[in-house]
Amino acid sequence: MQLTFDYIQQVTRTWLEHGGSGKVELAALEPLLWRDGPYQLPDLVVELKRLGCQVSLTTNGSLLARHVSALKQAGVDLVRLSWHTLDPHTFRQITGRDAYGKFIDGLEQAIDAQLPLAINRVLLRGHCDDLQRQIEFVDRHQLRLKLLDLYWMPSMAEQYERFYISPHEALNQFADISMLNAPGRSASQHGGRDRIRYQTRHGGIVEYKLGDEARRDAQQCRHCPQQADCLEGFADYLRVFPDESISLCYMRKELGHSMPSSELATLPAWLAQHQQELQMPLRLVLTGQCNFNCGFPGSTRSWCLK
């Protein structure tokens, strides 16, 4: 299941015509797997840029090398690359694939092409010994590294207890803090969580979101059984899923709403019912496919929210 090129055009136009934010994120599962007839992801970036959007995407990097040139030409504003370990063996355990060489090839080609690049890393206790080397890499190439909390889900409660480590703890245990300046606080531009941000000696950035600041004051949050473990504030994004449904919550899809092409004109009214304006970024989940199965080393459990 995936979004079509035509539907993406329609939902983006509707969003923009009613004053929606021009920030569009092409999100997980793996957007570089997306195809619709003759269109591939760089073609979609071209169209979204034509509509006036600021376009970013998040990728596991396995297919990046073949698309670097086209994405550069398309004018993508940011590519977020998921890089959870520098160890090939651990990489295979996490992703389920022996593809570290392809990943590094894509990373190096992206840097050589000066593709606007940032790094995302999900932290796992027992697998942070390489964090210092990753920070040194970010420093050398003046990139941004965002350290991500492991999400808690009922299905992986045991693994969460075993592998969770906070960004603050990981930095203090496994990084040379002397190579980072005093942390500053960066305010969210769309009402989401603030960030703690360090700058490296040569202009790189290391940052993480403050999990205890997720907005939980919405009516839908007040009696939510997962409120204490939610890491995304309600309405931080408007998510559009491959089945043409929309949602303001990443954990509870039952709060979403079907929004086929014939009903897109009702989008502003639906948001108004939830007391929300159109200022959050638009996050397009292009496809329900992924060629990785990101999970815990030594376990069949996945942390992916697919």
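So, how was this worked out
Residues numbered from 1 in each chain as written. Predicted model: local features only at pLDDT ≥ 70, side-chain atom pairs only at ≥ 80, totals over all residues. Heavy atoms only, no water. Helix = DSSP H or I, 4+ residues; strand = E, 2+ residues; numbered from the N terminus. Rg over C-alpha atoms; globule rule 2.2 N^0.38 Å. Buried < 20%, exposed > 50% of the residue type's maximum accessible area, 1.4 Å probe, protein only. Contact = heavy atoms within 4.5 Å. Areas by Shrake-Rupley, 256 points an atom, 1.4 Å probe, with all protein chains shown as cover. Pairing = 2+ DSSP bridges. Axes fitted to C-alpha atoms, helices over the stretch in contact; angles between N-to-C directions. Polar contact = N/O pair within 3.5 Å; in protein donor to acceptor, adjacent residues only side chain to side chain. Salt bridge = Lys/Arg side-chain N within 4 Å of Asp/Glu carboxyl O. Arc of directions from axis to C-beta. pLDDT = per-residue confidence, 0-100.

Time to look at the overall build of the chain. Looking only at helices and strands, the chain features nine helices and 14 strands. A compact globule built from 306 residues should have a C-alpha radius of gyration of about 19 Å, and the chain, at 19 Å, falls within 12% of that. For the C-alpha atoms alone, the extent of the chain along its principal axes is close to 55 × 45 × 40 Å. Looking at the chain as a whole, 53% of its 306 residues qualify as buried. Expressed as a percentage of contacts within the chain between residues at least 6 apart in sequence, the contacts between residues at least 24 apart total 66%. By element, 46% of the accessible surface of the chain is carried by carbon and sulfur atoms, the whole surface being about 13900 Å².

Strand pairing in a sheet relies on backbone hydrogen bonds. The paired strands run either parallel or antiparallel. Taken in spatial order, the twelve strands of this open sheet run β8-β9-β10-β7-β6-β5-β4-β1-β14-β11-β12-β13, and their pairing is mixed. Edge positions in the sheet fall to β8 (184–186) and β13 (257–258), since each has one partner strand and no second. Strands β11 (238–240) and β14 (282–285) of the sheet are contacted by helix α1 (residues 5–17), whose axis makes an angle of about 170 degrees with β14. Across the face of the sheet, helix α5 (residues 100–112) comes into contact with β5 (78–82) and β6 (117–122) while running at roughly 150 degrees to β6.

Turning to the environment of Val240, a few remarks are in order. Within the secondary structure layout, Val240 lies in strand β11. On the basis of relative accessibility, which here comes to 0%, the residue Val240 falls in the buried class. For the pair Val240 and Ile119, spaced 121 residues apart in sequence, the C-alpha to C-alpha distance is 23 Å. Sequence-distant contacts of Val240, that is, excluding residues within four places in its chain, are made with Leu3, Tyr7, Val11, Ser245, Ile246, Leu282, Arg283, Leu284 and Val285.

We now examine the side chain of Thr59. Tracing the backbone through its elements, the reader meets Thr59 in strand β4 (residues 54–59). Classification of Thr59 by relative accessible area gives buried; the value is 2%. Within the structure, the side chain of Thr59 is placed 2.9 Å from the side chain of Glu30, a separation counted as a polar contact. Of note is the side chain of Thr59, whose polar atom sits 3.0 Å from the backbone nitrogen of Gly61. Not counting the four nearest positions on each side in its chain, Thr59 is found in contact with Glu30, Leu32, Val79, Arg80, Leu81 and Ser82.

A few words now on the pattern of salt bridges. What the rule picks out here adds up to ten salt bridges. Linking Arg92 and Asp98 is a salt bridge whose minimum nitrogen-to-oxygen distance equals 3.6 Å. Relative accessible area serves as the criterion here: at 35%, Arg92 is assigned to the partly exposed category. The salt bridge involving Arg195 is made with Glu207; its shortest N-O contact spans 2.6 Å. One end of the pair, Arg195, is in strand β9 (residues 195–199); the other, Glu207, is in strand β10 (residues 205–209), with twelve residues separating them in the sequence. Residues Arg195 and Glu207 agree in their burial class; the two are buried. Linked through salt bridges whose partners overlap, the residues forming this network are Arg144, Arg195, Arg197 and Glu207.

Within the sequence span of helix α4 (residues 88–95), burial applies to Thr90, Phe91, Ile94 and Thr95. Taken around the axis of α4, the buried residues stretch over an arc of 120 degrees, which confines them to a single face.

Turning our eyes to something else, we now look at the confidence of the model for the chain. Per-residue confidence for the chain gives a mean pLDDT of 88, with 92% of residues at or over 70. Per-element averaging of pLDDT across the chain places β8 at the bottom with 76 and helix α2 (residues 41–50) at the top with 98.

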